Amino acid sequence: EITFDSCNQLVSQFEAVVKNPVRERSSVYYTGVDLGTACVVLAVLDENFRPVAGAYRYADVVRDGMVVDYIGAIRIVRELKAELEEKLDTELLYAAAAIPPGTDSLDGGAIKNVVQGAGFEITALLDEPTAANAVLKIQNGAVVDIGGGTTGISILKDGKVVYVADEPTGGTHFSLVVSGAYNLSFSEAELYKRKEENHKELLPVLKPVIEKVASIINRHIKGYDVDEIYLVGGTCCLAGIETIIEKQTGIHTRKPDNPMFVTPLGIAFSC
Ligand code: ATP
């Protein structure tokens, strides 16, 4: 059984450097660019693969792995890059990016062009579950990435991804449920949902949509011998989501302390 120790340590280092970048000189910097449906994240590692800076912005430039606002996406990545370069007092040259499983033929080119258009030299373009597993280091089990627009399911055997799927249900749907239940606008609901102090009260409201995600997981893992589910992605920050998924799937379900930054850090690791 894996422990999340190194993953948790890395993510908490990352959270710290998002607030206070490490300005010690490094001979090279590796940047991971995660262009998500809800959020664009840049994670920077130093020559020893330690997090030194990071920045993220909620944006509406990608939907379900597809770049829908190409110019907007370039602008955001360029702005976040400039912000980090100023904080680190260096130029960031190299970046890796990731695409949701199954969209490579569709949009890998667009994601690559966005990262290059923002001024990076792209060194790797990998799929999201492989990126997440660079940090999680799972040998066997299912990694379930519940992001903004979609839920990605990947099954690992002996450390290799043997099955992937991506389904259009994610945090955006959670926000829509909150919006309806509390009579809030979508953006108000989105902010309400992200506050940890509201999670206890929200869990029963969100139970049906979490059960829907669990049924998607069940459909995809059927036929595979999965003993453990590992949750990543911003939506899994919701306290208690793991309990409902575990109950509905009957499979031991675990998540790291902060599931939101696992994939972006994994992308940077693969740079
Ligand atoms: P996708 O993977 O679908 O392209 P993404 O990469 O933008 O989307 P993430 O950044 O992993 O997805 O997650 C974004 C989602 O996580 C949003 O729906 C956001 O509301 C949700 N989220 C972020 N923080 C929290 C939180 N603290 N509590 C609940 N939900 C959260």
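Before any of the text, the structure's been laid out above.
Calculation rules
Residues numbered from 1 in each chain as written. Predicted model: local features only at pLDDT ≥ 70, side-chain atom pairs only at ≥ 80, totals over all residues. Heavy atoms only, no water. Helix = DSSP H or I, 4+ residues; strand = E, 2+ residues; numbered from the N terminus. Rg over C-alpha atoms; globule rule 2.2 N^0.38 Å. Buried < 20%, exposed > 50% of the residue type's maximum accessible area, 1.4 Å probe, protein only. Contact = heavy atoms within 4.5 Å. Areas by Shrake-Rupley, 256 points an atom, 1.4 Å probe, with all protein chains shown as cover. Core = buried A, V, L, I, M, F, W, Y, C linked by side-chain atoms within 4.5 Å. Domains from an automatic or database assignment. Phe/Tyr/Trp six-rings, centres within 6.5 Å; stacked < 30°, edge-to-face > 60°. Lys NZ or Arg CZ within 6 Å of the ring centre and 35° of its normal. Pairing = 2+ DSSP bridges. Axes fitted to C-alpha atoms, helices over the stretch in contact; angles between N-to-C directions. Near = heavy atom within 4 Å. Polar contact = N/O pair within 3.5 Å; in protein donor to acceptor, adjacent residues only side chain to side chain. Nonpolar A, V, L, I, M, F, W, Y, C, P; charged D, E, K, R; others polar.

1. Structural notes on the overall build of the chain
Helix and strand counts for the chain come out as nine helices and 12 strands. Relative to the globule expectation of 18 Å for 271 residues, the C-alpha radius of gyration of the chain, 18 Å, shows essentially globular dimensions. Projected onto its principal axes, the C-alpha positions of the chain cover 50 × 45 × 35 Å. Among the 271 residues that make up the chain, the fraction classed as buried is 55%. In the chain, of all internal contacts separated by at least 6 residues, the share reaching a separation of at least 24 is 64%. Surface exposure of the chain reaches about 11,900 Å², of which carbon and sulfur atoms provide 49%.

2. Concerning the nonpolar core
The biggest cluster of nonpolar side chains holds 33 residues, and the ones touching the most others in it are F14, L136, I138, F261, V262 and L265. Counting only elements with at least two residues in this core, the list comes to α1 (5–19), β2 (39–45), β6 (94–99), α4 (128–136), β11 (228–232) and α9 (262–269). If you tally residues by element for this core, the top one is α1, at six residues. Of the residues that make up this core, three or more belong to each of domain 1 (5–132 + 261–269) and domain 2 (137–259). In this structure, I138 is in contact with I2, N133, V143, L156, G159 and Y230, ignoring residues within four places of it in sequence. Of all hydrophobic cores here, the second largest spans 31 residues; its members include A53, V61, I111 and V115.

3. Points about the packing of aromatic side chains
As enumerated under the stated definition, the model contains eight aromatic pairs in all. Centre to centre, the rings of F49 and F269 are 5.8 Å apart; their planes meet at 15 degrees, and the pair counts as stacked. Placement of F49 in the loop between β2 and β3 (51–58) and of F269 in helix α9 is noted, with a sequence separation of 220 residues between them. The class for F49 is partly exposed, based on a relative accessible area of 30%. Relative to Y224, the ring of Y163 has its centre 5.3 Å away and its plane inclined at 40 degrees; by these criteria the two rings are tilted. Of the two residues, Y163 sits in strand β10 (residues 160–167) while Y224 sits in the loop between α7 (199–221) and β11, which places them 61 residues apart along the sequence. Judged by relative accessible area, which is 23%, Y163 ranks as partly exposed. Within the aromatic cluster, the residues linked to one another by ring pairs are F14, Y56, Y58 and F261. We note K81 situated over the ring of F120; from NZ or CZ to the ring centre the distance is 5.1 Å. The ring of Y58 has R194 lying over it, and the distance from NZ or CZ to the ring centre is 3.4 Å.

4. Some words on the sheet that holds strand β1 (residues 30–35)
Strand order across the open sheet formed by five strands is β3-β2-β1-β6-β7, with mixed pairing between neighbours. Looking at strand neighbours, the two that pair on one side only are β3 and β7 (121–127), the edges of this open sheet. The mean angle between the axes of side-by-side strands here comes to 20 degrees, regardless of whether they run parallel or antiparallel. Relative to β3, β2 runs antiparallel, the two being bridged by seven bridges. Bridge pairing links V41 to Y56 in β3. The strands touched by helix α2 (residues 70–88) within the sheet are β1, β2 and β3, with β3 carrying the most contacts at an inclination of about 150 degrees.

5. What to know about the site of the ligand
Around the ligand, a shell composed of 20 residues is seen, among which T37, A38, G149, E190 and K193 lie nearest. A distance of 2.8 Å separates an oxygen atom of the ligand from a polar side-chain atom of K193. Elements with a contribution of two residues or more to the shell around the ligand: α5 (171–182) and α6 (186–194). Looking at which element gives the most residues to the shell around the ligand, the answer is α6, with three residues. Taken together, the residues of the shell around the ligand sort by class into five nonpolar, 12 polar and three charged. Here the shell around the ligand spans two domains, since at least three of its residues come from each of domain 1 (5–132 + 261–269) and domain 2 (137–259).

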